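# A look at the structure
Spelled out, the chains give:
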Amino acid sequence: MAGSIPESAFADRAAALAGAAAVSDRRWDALRRAARARLAPFGAAVLIAALAVALAAPVLAPYDPYAQDLGSALQAPGRAHLLGTDNVGRDVLSRVIWGTRVSLVAGFVSVAIAALAGSLLGIAAGYSGGRVDGLVMRVMDAVLSFPPLVLALALGAVLGAGLTGVLIALGVVYTPTFARLMRGQVLTVKARDYVEAARALGAPAWRIAWQHVLPNAAAPIVVQASLSVAFAILAEASLSFLGLGIQPPGASWGSMINAGRGYLQQAPWIVFGPGAALFVTVVGLNFVGDAIRDGLDPRLRG
Amino acid sequence: MGRLIAHRLLATIPVLLLVTAGVFALLHLTPGDPIDAMMAESVDATAKDALRRELGLDRPIPVQYAAWMGRLLRGDLGRSIRNGEPVIENVSRRIRPSLELALLAMAISLTIAFPVAIASAVHHNTGVDRLGTTFALFGICMPNFLLALLLIFLFGVTLRWLPISGYVDPLEEGWAGVRSLVLPAVTLGLALAAVVTRTLRSSLLDALAEDYVRTARAKGLAESHVIRRHVLKNALIPVVTVLGLQLGTLIGGAVITEYVFALPGVGRLVVDAVFARDYPLVQGVILLIAVGFIASNLLVDVLYGWIDPRIRLR
């Protein structure tokens, strides 16, 4: 008996090593596929640049984004002001740079809120089944019964103007997608033999959820999250364009575009600067999302 | 078919209940006293108390909910605080521009999406295809409000071809009305066209690879005939689904478009009510939008089962 223990331990380790090799191979393949996607490098560059700009905003911005200078209001782009100035003489470039922070925070934080809340709800629903499942999923259906922007607008209005309100509103709007996804994954994984084996061995529910369900469900959640960030950034811009979100004089791309809309004739650059930043960021993040999806979930490619 | 409809209708009931509960809760989510949020601080306490009593906010919440649901079931959605008129009247006055905008946008999007998607799929992996997919990507990533401002800048401010804001009813004023809706409808239509193009292109590609297409070609049918009769027909199903799924985006887009072009539609009403803190109006309009949204999704589901017998029989 004593001799058989190390033997089986060795066999276990060999199996584990083989498994690990297979996993790392798969990861490597996934990475390679992602890199091969033609547009992924552009997307990655945009994402890295946006992150850098957001982090280094105080260093990069040539002017104080709030400093008004009525003497140089509505100046066309030129050497002094690369992207021109707005109606109260603030430097558009500096405001675009500071606005990057707001957009990225909005995109990543709201999706993080949604992914976390949605995953927890999805696990609870899929794992408990029965009434809990029914209730959670009907609530998710109810949230999905509102057009996303309308719901975000109403929630944002109720929670009060400001970035926090918008983050929570967008988090709520995107939660059902993650909850549905996670619940589906849980139901699939729950039916697998290894989960049954774990349960037969007496593993508590939380450990099964943590060790078996979560790792298997992670990939689709990551894919969904990466595809959602671009849309969350668009949604934040739309809400702040309508007047929710960061309040003046704070700079967000959406609110800058709204403020510049009255000056389209004299000073279109007030709109075009933040507009171009928003468009390029969203396109870039879309490419990154697509690449991550192609890498992690080849079935969805196309 | 009847069973499918009945099943879907039944499944809607709990969702509708939760939607009404959510809309009701909206007013109570305001930090602090909702009355303070609705009225300026300077308004005196008696006026505030009067509004509080009128909205029933002085009663316990379950009682308020029951009373509100009771009125709802009798078709009473409440009154706007600002103009004192029932929500229904506020909405019915605004519905026409919104419907005209939505229909025109839908027409524009299909007119653009079909030729682009067909050209893309038929000339798969060529320059034409790349142009088509680039257009789709552009349309999907382009924020609605930015596109609106670009169109205003180009056709309104620079070329001065079209009016940039305001609304004239095309059913009454004819051409002037259509002109007032062109830029808003193109704004809303292009985003939709992009999504439809993307879906139609990939479903056309799937259909083109089917055996029956090879058979049709082998029979010696003209390529245009094959595309029209065999490929397009089978590729339409996902487009219906996507149109249904895009409804929410379309409504959201309409809110922004109506805001930018100052169209007096339902979307504009939502934005105005939100910023006027006219909560009863916000609740009423949002509830109506949600119910309309649920109803149209139901319709799409049923339509889907009708188009594709495979769904119905599952």
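Residues numbered from 1 in each chain as written. Chains lettered and ligands numbered in written order. Predicted model: local features only at pLDDT ≥ 70, side-chain atom pairs only at ≥ 80, totals over all residues. Heavy atoms only, no water.

### Some words on the overall build of chain B
In terms of regular secondary structure, chain B is built from 15 helices and 0 strands. Overall, the C-alpha framework of chain B stretches about 85 × 55 × 35 Å when taken along its three principal axes. In chain B, the proportion of contacts linking residues at least 24 apart, taken out of those at least 6 apart, comes to 71%. Total accessible area on chain B is roughly 15,600 Å²; 64% of this is exposed by carbon and sulfur atoms. In chain B, 29 positive and 24 negative side-chain charges are present, and the distance between their average locations comes to 9 Å. (Helix = DSSP H or I, 4+ residues; strand = E, 2+ residues; numbered from the N terminus. Contact = heavy atoms within 4.5 Å. Areas by Shrake-Rupley, 256 points an atom, 1.4 Å probe, with all protein chains shown as cover. Lys, Arg positive; Asp, Glu negative; His and termini not counted. Charge placed at Lys NZ, Arg CZ, Asp CG, Glu CD.)

### Here's the deal with the environment of Ser 128 of chain A
Here Ser 128 of chain A shows up in helix α4 (residues 92–128). Between the C-alpha atom of Ser 128 of chain A and that of Ala 205 of chain A, which follows or precedes it by 77 residues, the distance is 9.9 Å.

### Things to note about unusual backbone geometry
Leave glycine aside and you will find that most residues have negative phi; peptide bonds, for their part, are mostly trans. Residue and element names in this part refer to chain A. Cis geometry marks the peptide bond from Pro 248 to Pro 249; its omega dihedral reads 5 degrees. The topology assignment puts Pro 249 in the loop between α9 (205–242) and α10 (253–260). With a phi close to 55 degrees, Leu 74 is a non-glycine residue in the positive phi region. The topology assignment puts Leu 74 in the loop between α3 (57–60) and α4.

### Brief notes about the pattern of salt bridges
Summed over the entire model, instances satisfying the criterion amount to 14 salt bridges over all chains. A salt bridge links Arg 183 of chain A to Asp 133 of chain A; the nearest nitrogen and oxygen atoms lie 2.6 Å apart. With Arg 183 of chain A in helix α7 (residues 163–190) and Asp 133 of chain A in helix α5 (residues 130–144), this pair connects stretches of sequence that are 50 residues apart. Among the residues examined, Asp 133 of chain A registers a relative accessible area of 12% and is labelled buried. A salt bridge links Arg 217 of chain B to Glu 223 of chain B, with the shortest nitrogen-to-oxygen separation between them at 2.8 Å. (Salt bridge = Lys/Arg side-chain N within 4 Å of Asp/Glu carboxyl O. Buried < 20%, exposed > 50% of the residue type's maximum accessible area, 1.4 Å probe, protein only.)

### What to know about the confidence of the model for chain A
Per-residue confidence for chain A gives a mean pLDDT of 84, with 85% of residues at or over 70. Taking the mean pLDDT of every element in chain A, the minimum, 51, falls on helix α1 (residues 4–36) of chain A and the maximum, 94, on α4 of chain A. (pLDDT = per-residue confidence, 0-100.)

### Digging into the side chain of Ser 110 of chain A
All names here are of chain A. With respect to the helices, strands and loops of the structure, Ser 110 is situated in helix α4. In terms of polar contacts, Ser 110 uses its side chain to reach the backbone carbonyl oxygen of Ala 106, at 2.6 Å. Every residue in contact with Ser 110, bar those within four places of it in the chain, is listed here: Val 105, Leu 167, Leu 170, Gly 171 and Ala 232. (Polar contact = N/O pair within 3.5 Å; in protein donor to acceptor, adjacent residues only side chain to side chain.)

### Topic: the nonpolar core
Nonpolar side chains in soluble globular proteins tend to end up buried together. Formed by 144 residues in total, the largest nonpolar core has its most connected members in Leu 153 and Phe 241 of chain A together with Val 19, Phe 145, Val 260 and Val 285 of chain B. It is α9 of chain A that contributes the most residues to this core, 16 residues altogether. Aside from chain neighbours lying at most four places away, what touches Phe 241 of chain A is Gly 254, Ser 255, Ile 257, Asn 258 and Arg 261 of chain A together with Phe 145, Leu 149, Ile 256, Tyr 259 and Val 260 of chain B. Counting residues in each nonpolar core, the second largest holds 5 residues, with Ala 125, Val 136, Met 137 and Met 140 of chain A among its members. (Core = buried A, V, L, I, M, F, W, Y, C linked by side-chain atoms within 4.5 Å.)

### A closer look at the interface of chain A and chain B
Contacts between chain A and chain B engage 41 residues on the former and 42 residues on the latter. Between chain A and chain B, roughly 3,700 Å² of surface is buried when both sides are summed, and carbon and sulfur atoms account for 83% of that area. Of all residues in chain A, the largest losses of buried area upon contact with chain B belong to Val 158, Leu 242 and Phe 279 of chain A, amounting jointly to 16% of the total for that side. On inspection of chain A and its partner chain B, the count reaches 0 residue pairs in polar contact (both at pLDDT 80 or more). Of all the secondary structure elements, the ones that give two or more residues to the side of chain A that touches chain B are α5, α6 (148–159), α9, α10 and α11 (269–296) of chain A. Of the residues assigned to the side of chain A that touches chain B, the class counts are 30 nonpolar, 7 polar and 4 charged. (Buried area = accessible area lost by both parts, 1.4 Å probe. Nonpolar A, V, L, I, M, F, W, Y, C, P; charged D, E, K, R; others polar.)

### Examining the environment of Glu 85 of chain B
Residue and element names in this part refer to chain B. Structurally, Glu 85 is set in the loop between α4 (61–73) and α5 (87–122). Assessed through its relative accessible area of 28%, Glu 85 is described here as partly exposed. Spatially, the C-alpha atoms of Glu 85 and Leu 281 are 9.5 Å apart, while their sequence positions differ by 196 residues. Once you skip the residues sitting within four places of it in the chain, Glu 85 turns out to touch Arg 79, Ser 80, Asn 90 and Arg 93. At 2.4 Å, the side chain of Glu 85 forms a polar contact with the side chain of Arg 93.

### Quick word on the packing of aromatic side chains
In this structure the tally under the stated criterion is 9 aromatic pairs over all chains. A ring pair is formed by Phe 241 of chain A and Phe 145 of chain B, whose centres lie 4.5 Å apart and whose planes are at 15 degrees; its orientation type is stacked. You can see Phe 241 of chain A sitting in helix α9 and its partner Phe 145 of chain B sitting in helix α7 (residues 144–158), one on each of two chains. With respect to burial, Phe 241 of chain A and Phe 145 of chain B carry one shared label: buried. A network of ring pairs unites the aromatic residues Phe 241 of chain A together with Phe 145 and Tyr 259 of chain B as a single cluster. Over the aromatic face of Tyr 127 of chain A sits the side chain of Lys 190 of chain A, whose NZ or CZ is 5.8 Å from the ring centroid. (Phe/Tyr/Trp six-rings, centres within 6.5 Å; stacked < 30°, edge-to-face > 60°. Lys NZ or Arg CZ within 6 Å of the ring centre and 35° of its normal.)

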